[in-house]
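# Fold and geometry: a report
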Amino acid sequence: MTEPVPEEVPPGRSTGPSTAGRSPAGQAGRRPAHDGILRRQSARESAARTYARALPIVPVRARGLTVEGADGRRYLDCLSGAGTLALGHNHPVVLEAIRKVLDSGAPLHVLDLATPVKDAFVTELFSTLPPGLADRARVQFCGPAGTDAVEAALTLVRAATGRTGVLAFTGAYHGMTTGSLEASGGAFDVRVARLPYPQDYRCPFGVGGDRGAELAARWTESVLDDPKSGVRRPAGMILEPVQGEGGVIPAPDTWMRRMRQITADRSIPLIADEVQTGVGRTGAFWAVEHSGITPDVMVLSKAIGGSLPLAVVVYRDDLDVWEPGAHAGTFRGNHLAMAAGTATLAHVRENRLAERAATLGAHLLGRLRHLAEDFPCMGDVRGRGLMLGVELVAPEREEREKDSAGTDAIPARGPHPAAPDLAVAVQRECLRRGLIVELGGRHASVVRLLPPLTITDEQAAAVLDRLADAIEAAARGHARRKPRRDENRRDENRRDENQGDENQGDENQPNRQSKQQVPEPHDRAGRTR
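Keep in mind that this is a model prediction, so the values were computed, not measured.

Let us now look at the pattern of salt bridges. One pass over the structure, following the stated rule, counts 26 salt bridges. Glu 214 is paired through a salt bridge with Arg 218; the nearest N and O atoms lie 2.9 Å apart. Taken as a pair, Glu 214 and Arg 218 lie in helix α8 (residues 209-225) at a separation of four residues, close to a single helical turn. On the basis of relative accessibility, which here comes to 24%, the residue Glu 214 falls in the partly exposed class.

So, about the pairing of strand β14 (residues 387-392). When you tally the buried positions in β14, you get six out of six residues, the bulk of the element. Side-chain alternation along β14 places Met 387, Gly 389 and Glu 391 on one buried face and Leu 388, Val 390 and Leu 392 on a second face that is also buried. Pairing of strand β13 (residues 378-384) with β14 involves six bridges; the strand directions are antiparallel. Bridge pairing links Met 378 to Leu 392 in β14.

It is worth spelling out the environment of Glu 96 at this point. Tracing the backbone shows Glu 96 in helix α4 (residues 92-104). Taking the relative accessible area as the measure of exposure, Glu 96 reaches 55% and is therefore exposed. The sequence separation of Glu 96 and Ala 339 amounts to 243 residues, and the corresponding C-alpha distance is 9.4 Å.

Take the sheet that holds strand β19 (residues 446-449) next. Adjacent strands of a sheet pair through backbone hydrogen bonds, lying either parallel or antiparallel. With antiparallel pairing, four strands are arranged side by side in an open sheet as β13-β14-β19-β18. Each end of this open sheet is capped by a strand with a single partner; those strands are β13 and β18 (438-440). On average, each strand axis in the sheet is inclined to that of its neighbour by 25°, with strand direction left out of account. Most of the contacts of helix α11 (residues 353-372) go to β13, to which it runs at about 175°, and overall it touches β13, β14 and β19.

This next bit is on the nonpolar core. Judged by nonpolar contacts, the single largest core of 98 residues is most densely connected at Phe 121, Trp 255, Trp 286 and Met 378. Considering each element in turn, this core owes the most residues, ten residues, to helix α13 (residues 457-481). With sequence-adjacent residues up to four places away left out, Phe 121 is seen in contact with Phe 141, Ile 304, Leu 310, Val 312, Met 338, Gly 341, Thr 342 and Leu 345. Among the nonpolar cores identified, the runner-up in size contains 22 residues, and Val 150, Leu 156, Ala 311 and Leu 319 belong to it.

We now examine unusual backbone geometry. Located in the positive-phi region is Leu 111, a residue other than glycine, with phi close to 50°. With respect to the element layout, Leu 111 can be found in the loop between α4 and α5 (116-128). A positive phi angle, near 65°, is found at Val 279, a position not held by glycine. With respect to the helices and strands, Val 279 occurs in the loop between β10 (270-273) and β11 (297-300).

Rules of the game
- Residues numbered from 1 in each chain as written.
- Predicted model: local features only at pLDDT ≥ 70, side-chain atom pairs only at ≥ 80, totals over all residues.
- Heavy atoms only, no water.
- Salt bridge = Lys/Arg side-chain N within 4 Å of Asp/Glu carboxyl O.
- Helix = DSSP H or I, 4+ residues; strand = E, 2+ residues; numbered from the N terminus.
- Buried < 20%, exposed > 50% of the residue type's maximum accessible area, 1.4 Å probe, protein only.
- Pairing = 2+ DSSP bridges.
- Axes fitted to C-alpha atoms, helices over the stretch in contact; angles between N-to-C directions.
- Contact = heavy atoms within 4.5 Å.
- Core = buried A, V, L, I, M, F, W, Y, C linked by side-chain atoms within 4.5 Å.

Here you go:
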């Protein structure tokens with residue numbers, strides 16, 4: 001059961017499931033319809049469905065951060081359509097823009113024909129682009145999904161350079177079509193050279209920080225300059241300024257500048273995938289602006305459509321070499337999405353919502369890191385702007401290296417093992433408390449927060465309170481199922497003592513085996529309740 005919340009969420013901790021504001025009879029009356037819809041979805045829709053499995057809700061109304069289900073329960077939505085809803089659900093400026101197109105009698109489907117609505121969208125989009133790209137930009141409207149824009153970008157750079165290979169990074173996610181999957185982290189047998197993406201917590205070189213980023217950059221240079229590396233000069237390099245599905249990992253600004261220099265020196269087009277990071281999400285209008293670089297190609301989708309399907313690729317004019325029809329799609333001309341997108345882009349720009357995301361995001365990041373001091377299972381807290389992640393780990397399952405004889409020797413260096421089961425439990429506890437979050441990361445152990453840029457301070461406090469309660473509840477349940485590391489060590493010591501006593505022939509020693517203990521819950525100040 002989840003806690004109903006009002007449209008403007010009051011400050012303070014949630015107290016768990018509640019039926020406030022609704023009679024039990026009213027809720028009971030709505031359950032059959034709610035449950036029936038979920039049963040029919042399970043029976044009719046494919047096994048590939050994802051969010052519906054972890055979030056068994058039936059949204060019927062939404063506004064801003066709040067979603068109401070068919071059963072009358074309300075939720076704070078920190079999934080935001082996987083980052084699509086920059087202004088939250090049904091923002092007034094978006095609804096007004098859509099109604100204006102509907103009332104005008106304008107065509108809703110226009111292929112790639114020029115229209116006033118499309119012209120206004122392109123004008124607004126170009127006004128937001130990074131310096132150095134806006135003045136010489138071209139735009140290609142794609143099928144209405146980010147993955148098709150990635151395909152267009154790869155087709156473009158291959159046509160412009162006459163080369164075929166692509167440089168991409170471990171942990172990347174660029175979509176679900178063939179070319180996009182090839183550039184993503186889980187691909188096999190492809191024309192893509194995989195490079196290390198820098199990160200602090202699980203640094204591929206075991207050092208993190210500036211040193212780890214420098215080593216990643218040197219590896220890239222070596223692969224490109226070593227004639228025996230097996231990697232030919234590629235058609236392009238594609239990267240995410242913040243890896244979202246990869247675990248909310250922001251690329252260091254210095255590394256981004258190195259990638260720009262490395263590709264520019266070797267005439268390799270640089271493609272920035274801003275599908276999820278764009279339109280103010282990370283605290284800058286476009287995430288590449290944090291490092292000050294200008295990519296050759298930008299892939300844009302999600303928020304640019306103002307909650308409706310829209311995807312484009314923007315690129316330098318000298319790359320515009322493809323033939324008519326080289327990349328096409330029936331639904332490139334989504335008039336409603338262009339109108340909603342224009343309104344969204346303008347509202348974010350005029351109201352400085354990117355700056356607001358930077359300020360609030362830094363505050364939330366600090367609060368989450370403070371919370372992590374009380375919960376060892378919060379292995380790492382990271383993010384940029386309102387794109388935040390908490391990696392959950394199992395500190396009690398410390399990995400151990402093997403000595404030459406194959407026996408346990410010393411604890412393995414590095415971060416604690418990922419805890420995907422705990423992450424699922426946290427997501428479930430969040431939902432019970434009326435909070436919708438997403439999971440991601442290499443091991444699906446990162447709780448992701450993608451609230452709309454319009455979230456208020458009070459709502460942000462409510463999100464943190466519910467998340468903290470959920471982590472506490474999940475960690476407590478997790479501890480009940482698994483013995484703590486110190487308990488394991490104590491048991492081992494006691495078994496050793498017992499064995500030693502037995503060897504001495506003492507038959508009167510008491511049974512020393514300890515019982516598994518569950519840590520007492522603590523509040524955020526570390527006090528025992």
